[in-house]
Amino acid sequence: MSDFLIHVAAVSCLYGILALALNLQMGFSGLVNFGLIALFGCGSYGAAFAHLWGWPPLAGLALGLVLAALLGLFFARLGARMSEDYWGIATLSLAEIMRLVFTNEQALAGGAQGVSGLPVTFSTLAGQGAGLSRLALYAALLVAAFILCQRITRSGFGMALKMMREEPQLARALGYDLGRMRAIVMVISSLMAAVAGFLYAHYLSFVGPEQLMSHETFLIWSMVIIGGIANNWGVVAGAFLMQFALAYVPFVKDWLDLPTDFVAATRLVIVGGGILAFLIWRPKGLFPERIGGSHG
Amino acid sequence: MIQFLIDTVIRALDLALIAVALSGVYSLIKFPNVALVQYAVVGAFLGMLLQQAGLPLVLALPVSALLVGGLAVVFNVLLFERLLTEGSAIALIGSLALSMILSAVFLLAFGPSAYRFELPVSPAMRLLGARVTLHQISTLAITVAALGGFAAILFLTRLGREMRATATNRVLASASGIDTRRVINATVFLSGVLAALGGMTLAMRGSVSIDLGTQMLLPVFAAAILGGLGNALGAIAGALVISAAETFVTNTNFGVLNGEGFLFLPASYAQTASFALLVGFLLLRPSGLFTSEVSRV
């Protein structure tokens, strides 16, 4: 396996975890979150702070998880009385506030320059060993996240989430506490996103505010929509598909000898066009949600 | 103080046209169309191309605005009508995707650099002790005229009455013989015209680059939501509040807070102010200032 393939596969696994986290929110619970990248950022900046302050990396993970859980709870609190459009805009705003603060505060994790030189996971292993071990670790975590999501969505709680998505009034009338359900979903998926952010920081060995651009959230959205909203298999497939599609754009550019702007523009077209094409022609994605018999 | 007021009004001009367009469309088809800020960028680029093609500015502005209005109708018929059958959240995501595609088109056609209209440079004048440029006054005139025209259509014409009827109760409006689809497309057309004018007035006072849409997105939304999404004239009030907050954040000396006597926040915190205001406001009044809509459970 070439280094490049290992790299793309490893990043795909991390995005798979993010896609599962978003799917738990928007797919199963109907929470239209446009600020997912902020939860990812809690994990990556947790790693950055630990590096700056000389803490061991695992303390950074703990810090990132705590920050993500708090932010997730705040998102859930915001969603308590808001309709979904407003909540989407509010989450987008919060993610942008976070990015702007990190960009402008030089004292806070290096400002626009970010933090570099984080220890790379398994960097001591020789040759391809490091890359393969990282891939194995990320794949194992992706499988764990997948099993967790499958268990949640097939449980009674998962059924309640779907009812909250489809018929919130009915769910409330039947005595479900929607605020509490929303908070639980947000915390679980925030923790998943933060783990992905932490691992990504220790993979790139760099954390910077441009990783928190709202484009990144929409990239994850495209994975969920193309793969299949509310289908855990589908969104993981969507994550791999999108990562591999994007990874090969620079090769096409070199092959056709096109200007550099082409790469950025093509990425936008792949993500935006993918979302639009699927919403119009195949709104259920490649792998539609399975309705009924999901306990089987 | 006068300078603060004038800065606030000038900044509000940036937001008002697009925010009114956003609110106007929302009142009829219940989804916030994110792509409207990109229509503003299309309008600015198109106006510039027309001017380079030899059209005088007085003609380039309205022609570009009308073309963008037509484009908005085309997107509405081809995309949003279909997406709205799946729900407003799906249409919102679709409009985000459309924005991404439009920015890719801008990137390929114009590259990342900034463009400006060919305008004579005019020195700042003094008005009651505050600095004002001629371009600021002319954009003020354009904005006031456009908003006045929109208000006149909304409140004085038959189309405006049909628009208001459709916004209040679409089923009832259609039952009483109003062609709601035509009314909606007319409103979408007007929103495209307003957004394009907004983009061009912005470009007249500064420059336009492909990032303009992304930069405007949240302040415009903040203004529209503060005014109560769907209340077109409330959006003007929202724009004033947002721009007052932004001007306050960037022009105030916060030196007292850190004891050093001198602390100005970086200009990009102007955006942070509007987002924070938006989020804080939504916490208190989840559906805007001037709406009485019943919120979700």
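Residues numbered from 1 in each chain as written. Chains lettered and ligands numbered in written order. Predicted model: local features only at pLDDT ≥ 70, side-chain atom pairs only at ≥ 80, totals over all residues. Heavy atoms only, no water.

(A) Region of interest: the overall build of chain B. A tally of helices and strands in chain B yields twelve helices and two strands. Put simply, chain B runs from its N terminus to its C terminus through helices and strands in the order α-α-α-α-β-β-α-α-α-α-α-α-α-α. For chain B, buried positions account for 54% of its 297 residues. (Helix = DSSP H or I, 4+ residues; strand = E, 2+ residues; numbered from the N terminus. Buried < 20%, exposed > 50% of the residue type's maximum accessible area, 1.4 Å probe, protein only.)

(B) Structural detail: the packing of helix α1 (residues 3-29) of chain A against helix α6 (residues 156-166) of chain A. Residues and elements named next belong to chain A. Axis separation between α1 and α6 bottoms out at 8 Å; the angle between their running directions is 60 degrees. Relative to α6, α1 is oriented oblique. Seen from α1, the contacting residues are Gly27, Phe28 and Ser29; seen from α6, they are Leu161, Lys162, Met164 and Arg165. Residues belonging to the contact of α1 with α6 are distributed by class as follows: three nonpolar, two polar and two charged. (Axes fitted to C-alpha atoms, helices over the stretch in contact; angles between N-to-C directions. Parallel < 35°, antiparallel > 145°, perpendicular 65-115°, else oblique. Contact = heavy atoms within 4.5 Å. Nonpolar A, V, L, I, M, F, W, Y, C, P; charged D, E, K, R; others polar.)

(C) Examining the interface of chain A and chain B more closely. Across the contact, 47 residues belong to chain A and 46 residues belong to chain B. Interface area, chain A with chain B, both sides summed: about 4,200 Å², of which 75% is carbon and sulfur. Considering only the surface of chain A that becomes buried against chain B, Arg81, Asp85 and Tyr86 of chain A emerge as the three largest contributors, covering 17% of it. The interface formed by chain A and chain B includes zero salt bridges. At the boundary of chain A with chain B, the tally comes to zero residue pairs in polar contact (both at pLDDT 80 or more). Mapped onto the side of chain A that touches chain B, the elements with two or more residues apiece are α3 (57-78), α4 (84-104), α7 (168-173), α8 (178-204), α9 (214-227) and α12 (261-281) of chain A. With 14 residues, α12 of chain A is the single largest residue contributor to the side of chain A that touches chain B. Tallied by class, the residues present in the side of chain A that touches chain B amount to 31 nonpolar, seven polar and nine charged. (Buried area = accessible area lost by both parts, 1.4 Å probe. Salt bridge = Lys/Arg side-chain N within 4 Å of Asp/Glu carboxyl O. Polar contact = N/O pair within 3.5 Å; in protein donor to acceptor, adjacent residues only side chain to side chain.)

(D) Representation of the confidence of the model for chain B in the model. Residue and element names in this part refer to chain B. Chain-level statistics for chain B give a pLDDT mean of 82 and a share of 89% at 70 or above. Contacts from residues 292-297, a stretch scored under 50 in pLDDT, to residues over four places away or in other chains number eleven contacts. Interface confidence for the predicted complex, expressed as ipTM, amounts to 0.84; the pTM equals 0.86. (pLDDT = per-residue confidence, 0-100.)

(E) Spatial organisation of the pattern of salt bridges. All names here are of chain B. Throughout the structure, instances matching the rule amount to nine salt bridges over all chains. Between Glu81 and Arg181 there is a salt bridge, with its nearest N and O atoms 3.0 Å apart. Here Glu81 is found in helix α3 (residues 57-84), whereas its partner Arg181 is found in helix α8 (residues 180-205), with 100 residues between them in sequence.

(F) Expanded view of the packing of aromatic side chains. All told, the structure shown has 21 aromatic pairs over all chains when counted by the stated rule. An aromatic cluster of three or more residues is present, and its members are Tyr45, Phe49, Trp53, Trp55 and Phe102 of chain A. (Phe/Tyr/Trp six-rings, centres within 6.5 Å; stacked < 30°, edge-to-face > 60°.)

(G) Structural view of the nonpolar core. Counting 191 residues, the largest nonpolar core has Tyr15, Leu20, Phe34 and Trp221 of chain A together with Tyr39 and Leu98 of chain B as its most contacted members. When residues of this core are assigned to their parent elements, the largest contribution, 16 residues, is made by α1 of chain A. Leave out the neighbours within four places in its chain, and Leu20 of chain A touches Leu142, Ala145, Phe146, Cys149, Met192, Asn232, Val235 and Val236 of chain A. Within the second largest apolar cluster, five residues are counted, among which are Ile10, Leu13, Ala130 and Val132 of chain B. (Core = buried A, V, L, I, M, F, W, Y, C linked by side-chain atoms within 4.5 Å.)

(H) Helix α10 (residues 234-251) of chain B, seen in detail. Across its 18 residues, α10 of chain B extends 26 Å between first and last C-alpha, which sits within 8% of the 26 Å expected from 1.5 Å per residue. On the buried face of α10 of chain B, the contacting elements are α1 (2-28), α9 (212-226) and α12 (269-284) of chain B. (Expected span 1.5 Å × (residues − 1).)

(I) Broad picture of the UniProt feature "transmembrane region" (unreviewed entry) in chain A. Under the UniProt annotation, the feature "transmembrane region" (unreviewed entry) is placed at residues 6-24, 31-52, 58-76, 135-153, 183-206, 218-242 and 262-281 of chain A. Span residues 58-76 of chain A is 100% helix and 0% strand, its end C-alpha atoms 27 Å apart. (UniProt positions renumbered as here; feature names shortened; annotations may be inferred.)

(J) Molecular detail of the state of the cysteines. Residues and elements named next belong to chain A. For the structure on display, the rule yields zero disulfides over all chains. Free cysteine Cys42: the closest other cysteine sulfur is in Cys149, separated by 18 Å. Of the cysteine sulfurs around Cys149, a residue in no disulfide, the closest is that of Cys13, at 14 Å. On the accessibility criterion, Cys149 (0% relative accessible area) is buried. (Disulfide = S-S within 2.5 Å.)

(K) Layout of the UniProt feature "transmembrane region" (unreviewed entry) in chain B. Under the UniProt annotation, "transmembrane region" (unreviewed entry) lies at residues 57-78, 90-111, 132-156, 183-204, 216-242 and 262-284 of chain B. The span residues 57-78 of chain B is 100% helix and 0% strand, and its two end C-alpha atoms sit 31 Å from each other.

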